[in-house]
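What the coordinates show
Spelled out, the chains give:
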Amino acid sequence: MKNLLVVFAFLFSTISLAQAQDKKAPASPKVTAESPDKNIKVVYGQPAKKGRVIFGADGSSSLEKYGKVWRTGANEATEVTFKSDVMFGGKMVKAGTYTLFTIPGEKEWSVILNSTLGQWGAYDYEKIKGTDVAMINVPVSMNKTPIEKLIITPANSSIAIAWDNMTISVPVMKHG
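Since the structure is predicted, the reported quantities are computational estimates derived from the model, not experimental observations. (Residues numbered from 1 in each chain as written. Predicted model: local features only at pLDDT ≥ 70, side-chain atom pairs only at ≥ 80, totals over all residues. Heavy atoms only, no water.)

1. Description of unusual backbone geometry
The phi dihedral of Thr72 falls on the positive side, at around 60°, and the residue is not glycine. Look at Asp164: it is not a glycine, yet its phi comes out positive at around 55°. Tracing the sequence through the fold places Asp164 in strand E12 (residues 158-174). Note on Asp164: relative accessible area 7%, which makes it buried. (Helix = DSSP H or I, 4+ residues; strand = E, 2+ residues; numbered from the N terminus. Buried < 20%, exposed > 50% of the residue type's maximum accessible area, 1.4 Å probe, protein only.)

Right, here's the structure in full:
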């Protein structure tokens, strides 16, 4: 009986180990980033370039097409939380959590904050765009070398978004 229990214990631990090894890191891990003063928090899925053309005029040869709404990350739409009221690129935004969308362009991006949370991608954006709280345009800076993984960096006075050959920065100032 004791030998049988040892065999079962061995088999169970071997199966558990094999199952644990099957669980790989997700292709686009969820990342949480906070500004140094903790006023801005961003939660996003972090996709990788993996040799692909990320931004372009033609949606069939690029991952994200110029002029089309993007969830600004992977999987669930990116969410931004402000702990206090802010001026987001010159627009007043109340403290709270918002969905972040962008519309990439070759020279300029539109950056959108929307109050409808829990979005998967940007598939339903047309249905919820009436709940936008801010939309601003910011210039694109070209990176000298491509950035492999999407990086969203909240600083005390800005939110930078960088991926592939493009970086944008949205000014964010505490208000009040």
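That covers the picture; the talk isn't over yet.
2. Some words on the sheet that holds strand E1 (residues 30-34)
Across the sheet, which stays open at both edges, the six strands sit in the order E1-E2-E5-E8-E9-E10 with antiparallel pairing between neighbours. Looking at which strands have only one partner, the edges of the open sheet turn out to be E1 and strand E10 (132-139). In this sheet, neighbouring strand axes are inclined to one another by 25° on average, regardless of whether the strands run parallel or antiparallel. Where strand E5 (residues 74-82) meets strand E8 (residues 96-103), five bridges bridge the pair, whose relative direction is antiparallel. Each bridged residue has a counterpart across the sheet, and for Thr81 the counterpart in E8 is Thr97. (Pairing = 2+ DSSP bridges. Axes fitted to C-alpha atoms, helices over the stretch in contact; angles between N-to-C directions.)

3. Quick word on the pattern of salt bridges
Scanning the model with the defined rule gives seven salt bridges in all. Between Lys83 and Glu34 there is a salt bridge; the shortest N-O distance is 3.8 Å. A residue pair is termed long-range when its members are at least 10 positions apart, and Lys83 in the loop between E5 and strand E6 (86-88) and Glu34 in strand E1 qualify at 49 residues. Under the relative-accessibility criterion, Lys83 is labelled exposed at 55%. Salt bridges sharing partners connect three or more residues here, namely Glu34, Lys38 and Lys83. (Salt bridge = Lys/Arg side-chain N within 4 Å of Asp/Glu carboxyl O.)

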